[in-house]
Amino acid sequence: MFWKFDLHTTSHIDTLLEKEDVTLTEVMDEDDVLQECKAQNHKLVDFLLRPQCMEDLVTFITQEPSTDVEEKVKYKYPNISCELLTSDVSQINDRLGEDEKLLMKLYSFLQNEPPLNPLLASFFSKVLSILIGRKPEQIVDFLRKQEDFVDLMIKHIGTSAIMDLLLRMLTCIEPQQLRQDVLNWLNEEKVIQRLVEMIQPSQDEDRHSNASQSLCEIIRLSRDQMFQVQGSSEPDPLLSTLEKQETVEQLLSNIFDKEKNESAIVSVIQILLTLFETRRPAFEGHMECPPGMSHPSFSVNHSILEAVRPRLKDFHQLLLEPPKKNMMKTTWGVLDPPVGNTRLNVVRLVASLLQSNTHSINTELINLNTLGVILDMYFKYIWNNFLHIQVEICTAMILAMPPAPIDIQPDTEAEHVKESILIKHLFQKCQFIQRIIDAWSSNEKEQAEGGRRRGYMGHLTRIANSIVHNCDKGPNGPQIQQLISELPAEDREKWESFISGQLADTNKRNTVDLVNTHHIHSSSDDEVDFKESGFHQDSSLQQAFSDYQMQQMTSNFIEQFGFNDEEFADQDDVVDIPFDRISDINFSLNTNESANIALFEARCKEKIQQFEDAGSDEDDIWDEKDVTFAPEAQRRPSSGSTDSEESTDSEEEDVKRDQFEASNPSNDDRMEVDTDCDGWLGTSVASPAASAPSDCGSSKAEEEASSSEHRSITETVINGSMKETVSLTVDAKTETAVFKRFENHLHTKELLTVANISSLHYWCFETLDTTTIDPVTFNLCALSWVSVM
């Protein structure tokens, strides 16, 4: 934050506010006025809190701007005024929420005649909503004093911003008791009944839509609140009013007892669908688990079902004679009449009624043959997938639901039956099996003649699979098997042939992998097939390591890969640092262990013998010997590298070496070995400055100072460019090695004891992966080993 450190430049507003005659519009013209207000600039806040400024801000958002103003800046000041009043500055909230004169001026916006200016209405709703959230007691008390508040809200319900304000009063009031008081007050004002009256053919579509959406949100919010506040003793009065039988009957009367109006019908169906919601569905159309089948559903209020049941015949009639729709021309053909929003929502309502699994509702649907009409629509409108998915849901629920219990009396237990009347109706009256086979055959014939595959075939495939699945494993399996066996012999043979032939082939095609990953060839010519690379037959470890590289990483490796936080801390502060970060990776080596041991020992002997001088065959390389250094003039080239090896260096290494040699043309950092120092352990890598005789003398002094029991060989390696000295002391008796590092001539040491010298050899050979090793490389390898230890 720049202002935290006082690094920001002084705002021009501070200079502007020092003027005595500055106006509100001049301040609002500044580009950073909103930023300064939200940052609670004291001068700006004090200026805005002036009575005249507060009144002007409220006026901007409640009165229509002048028509003389240019259109692109017409709502500039109303917009900025709204942002300033809703910047959530406590002083502004206090002044606006506690000044009744300002509240009355704000409230006066509702007293305008409809329709309200939608932009100004959004400003008004936003300001009043934040006041309800920040000053709930004062605002609720003020609104309850206004006798026409509820009337005005219903009057302007066609404006979406006013509908949002009504819902804000149900959600933004935090104190539970105050919220309950608001609900009781709104219920006493008959908000639900007034919203229901808005949904009738005489009102416009905006009122239908907003009133319906308000009632739906009230239902959802009230039910969510019931689940969240389990200990609430008082029920939600608005929800109770909505679920009353007389309220639902009034809704249905508004759409059926008057002229047919699609907007009103759809709005009422939306409310009914919300009332039938046992839980808000996460998805729709998943046939393996139809809605309501995965767990016991939350029971629907019986009064709602009783109000809907007598009107089922009216909904059925809507399927046959929907509101008049004009002929629709499509790319496929002419739809006369099209399905329409009314019939689609009626089918959705039937699906919700089936989910309730009520015997009286199921019986009425069967008597009306509503399912047969829906199936007719399914096969007629072959390209309307919105309709197809709803029919699929209906059939899947019928096949998967247990039989509905028979209602005898409300106070007595229901009688359980063994057979589903819906399944019997579907297979016998609706001829479900025959229609599926006929539709499939008709589609294949049309495709064979060059036609297009019908749009419902995918859903028809899933419906057929649902029949097969429930016949074998569903709760109604025996009944379905019995009904299939009762089919005419010809139809039964067609069905059996269909499921074993056409349906099976379709399912097989639908489950085939779209991409075959077994024979994919890379289009890149630069890639190398490492799996086909040949390895020497004797290199069993190399082959095993290659196989390990080519295997897939497991999830355990992925989770453990990387660095831990402790690895970035100081080593002395962490006591439980793992010795090896990837020690948990296990892989098998399909090799002969005894052969590996013999191979390793042979390699060790071979490598050690390579460094022995021709005249000292009988000398033991582990014997203690003096270390001396030759003068700089007698230095000879190291035998640890060859021209062939240098020629195989990478280009990057060549560049680095050339740059170093260019900066030090007179330096020759080659190994120096005194002829008197027998054995390869007496070698050292040194810079020219480090090859002076004094260094050799220092090494000898250290050797003579050691006791007879702990005799050791000391080797000093000086890296002149890094100004770092590393000393390696080897104890031949105890087979231990001590490393000392002196950096920048500071007397600080890092000691590490190595338990076994042979481990050092083994690590060097494995790391370098080579059959030869020179003294210089061995020493550098040893230092690298210390760094990783």
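Residues numbered from 1 in each chain as written. Predicted model: local features only at pLDDT ≥ 70, side-chain atom pairs only at ≥ 80, totals over all residues. Heavy atoms only, no water.

Caption draft 1: Structural detail: the overall build of the chain. On a plain count of helices and strands, the chain comes out with 38 helices and six strands. Taken across its 789 residues, the chain has 40% of its residues classed as buried. Contacts spanning at least 24 positions in sequence make up 69% of the contacts within the chain whose residues lie at least 6 apart. Carbon and sulfur atoms make up 49% of the accessible area of the chain, which totals about 46,100 Å². (Helix = DSSP H or I, 4+ residues; strand = E, 2+ residues; numbered from the N terminus. Buried < 20%, exposed > 50% of the residue type's maximum accessible area, 1.4 Å probe, protein only. Contact = heavy atoms within 4.5 Å. Areas by Shrake-Rupley, 256 points an atom, 1.4 Å probe, with all protein chains shown as cover.)

Caption draft 2: Inspection of the environment of Asp236 at higher detail. For Asp236, the position within the fold is in the loop between helix 15 (205-228) and helix 16 (237-242). Counting along the chain gives 56 residues from Asp236 to Gln180, while the straight-line C-alpha distance between them is 7.8 Å. Other than its neighbours up to four places away in sequence, Asp236 contacts Arg179, Leu183 and Ser222. Side-chain polar atoms of Asp236 contact the backbone nitrogen of Leu238, separated by 3.0 Å. Among the polar contacts listed, one links the side chain of Asp236 to the backbone nitrogen of Leu239, at a separation of 3.3 Å. (Polar contact = N/O pair within 3.5 Å; in protein donor to acceptor, adjacent residues only side chain to side chain.)

Caption draft 3: Inspection of the packing of aromatic side chains at higher detail. All chains considered together, the criterion is met by twelve aromatic pairs. Taken together, the ring pairs connect Tyr107, Phe142, Phe149 and Trp185 into an aromatic cluster. (Phe/Tyr/Trp six-rings, centres within 6.5 Å; stacked < 30°, edge-to-face > 60°.)

Caption draft 4: Spotlight on the nonpolar core. In terms of nonpolar packing, the biggest core is built from 158 residues, with Leu272 and Phe427 touching the most fellow members. Top contributing element to this core by residue count: helix 18 (residues 262-276), with nine residues. Excluding residues that lie within four positions of it along the chain, Phe427 makes contacts with Leu399, Phe432, Ile433, Ile467, Ile480, Leu483 and Ile484. (Core = buried A, V, L, I, M, F, W, Y, C linked by side-chain atoms within 4.5 Å.)

Caption draft 5: Representation of the pattern of salt bridges in the model. Inspection of every chain in the model, using the stated rule, returns 22 salt bridges. A salt bridge links Glu392 to Arg462, with the shortest nitrogen-to-oxygen separation between them at 2.9 Å. A residue pair is termed long-range when its members are at least 10 positions apart, and Glu392 in helix 24 (residues 385-400) and Arg462 in helix 27 (residues 457-473) qualify at 70 residues. With relative accessibility at 1%, the residue Glu392 sits in the buried group. (Salt bridge = Lys/Arg side-chain N within 4 Å of Asp/Glu carboxyl O.)

Caption draft 6: Molecular detail of the confidence of the model for the chain. Mean pLDDT over the chain works out to 75, with 61% of the residues at or above the 70 mark. In this model residues 628-715 is a low-confidence stretch, pLDDT under 50, and it forms 112 contacts with partners more than four residues away in sequence or in other chains. Every residue in residues 742-756 is under pLDDT 50, and counting partners more than four places away or in other chains gives 30 contacts. (pLDDT = per-residue confidence, 0-100.)

Caption draft 7: View of the packing of helix 5 (residues 51-62) against helix 6 (residues 76-85). Where helix 5 meets helix 6, the axes come as close as 8 Å, and the angle between the chain directions of the two elements is 125°. Overall, the two elements helix 5 and helix 6 adopt an arrangement that is oblique. Crossing handedness for the pair helix 5 and helix 6: left-handed. Note on element contacts: helix 6 touches helix 5 through Tyr77, Pro78, Ser81, Cys82, Leu84 and Leu85, opposite Met54, Leu57, Val58, Phe60 and Ile61. (Axes fitted to C-alpha atoms, helices over the stretch in contact; angles between N-to-C directions. Parallel < 35°, antiparallel > 145°, perpendicular 65-115°, else oblique. Left-handed = near helix turned anticlockwise from the far one by under 90°.)

Caption draft 8: Examining the environment of Ser11 more closely. Tracing the chain through its elements places Ser11 in the segment before helix 1 (12-17). Note on Ser11: relative accessible area 8%, which makes it buried. Once you skip the residues sitting within four places of it in the chain, Ser11 turns out to touch Asp32 and Glu36.

Caption draft 9: Examining unusual backbone geometry more closely. In this structure, the amide linkage connecting Pro114 to the following residue, Pro115, adopts the cis form with an omega of -5°. As for its placement among the helices and strands, Pro115 is situated in the loop between helix 8 (100-107) and helix 9 (118-134). Geometrically, the link from Asp336 to Pro337 is a cis peptide bond, its omega value of 0° lying close to zero. Structurally, Pro337 is set in the loop between strand 2 (334-335) and helix 21 (340-356). Positive phi outside glycine occurs at Lys190, with the angle close to 60°. As for its position among the elements, Lys190 is in the loop between helix 13 (176-188) and helix 14 (191-197).

Caption draft 10: A look at helix 15. Between its first and last C-alpha atoms helix 15 spans 34 Å; for 24 residues at 1.5 Å apiece the expected length is 34 Å, and the two agree. For helix 15, the capping residue at the N-terminal end is Asp204, with a side-chain oxygen 3.2 Å from the backbone nitrogen of Asp206. (Expected span 1.5 Å × (residues − 1).)

Caption draft 11: Examining the packing of helix 20 (residues 312-320) against helix 21 more closely. The contact between helix 20 and helix 21 brings their axes to 9 Å, and the two run at 140°. If you check the angle between helix 20 and helix 21, you find them oblique. Relative to helix 21, the crossing made by helix 20 is left-handed. Taking contact as the criterion, the partners of Leu312, Phe315, Leu318 and Leu319 in helix 20 are, on helix 21, Thr342, Arg343, Val346, Val347, Leu349 and Leu353. Tallied by class, the residues present in the contact of helix 20 with helix 21 amount to eight nonpolar, one polar and one charged. (Nonpolar A, V, L, I, M, F, W, Y, C, P; charged D, E, K, R; others polar.)

Caption draft 12: Representation of helix 27 within the structure. If you check helix 27, its first and last C-alpha atoms are 24 Å apart, about what 17 residues at 1.5 Å a residue would give, namely 24 Å. Where helix 27 is concerned, the buried positions are Met457, His459, Leu460, Thr461, Ile463, Ala464, Ser466, Ile467, Asn470 and Cys471.

Caption draft 13: Here's a closer look at the side chain of Arg207. Tracing the sequence through the fold places Arg207 in helix 15. A distance of 3.4 Å separates the side chain of Arg207 from the backbone oxygen of Lys155, its partner in a polar contact. If we skip the residues at most four places from it in the chain, Arg207 touches Pro114, Lys155, Ile157, Gly158 and Met198.

Caption draft 14: Inspection of the side chain of Thr62 at higher detail. Turning to its location among the elements, Thr62 is positioned in helix 5. Within the structure, Thr62 has its side chain in polar contact with the backbone oxygen of Val58 (distance 2.9 Å). Excluding residues that lie within four positions of it along the chain, Thr62 makes contacts with Lys105, Leu106, Phe109 and Asn112.

Caption draft 15: View of the environment of Arg309. The residue Arg309 is located in the loop between helix 19 (302-308) and helix 20 in this model. The class for Arg309 is partly exposed, based on a relative accessible area of 29%. In this view, Arg309 contacts Ser360, Ile361 and Glu364; residues no more than four positions away in its chain are not counted.

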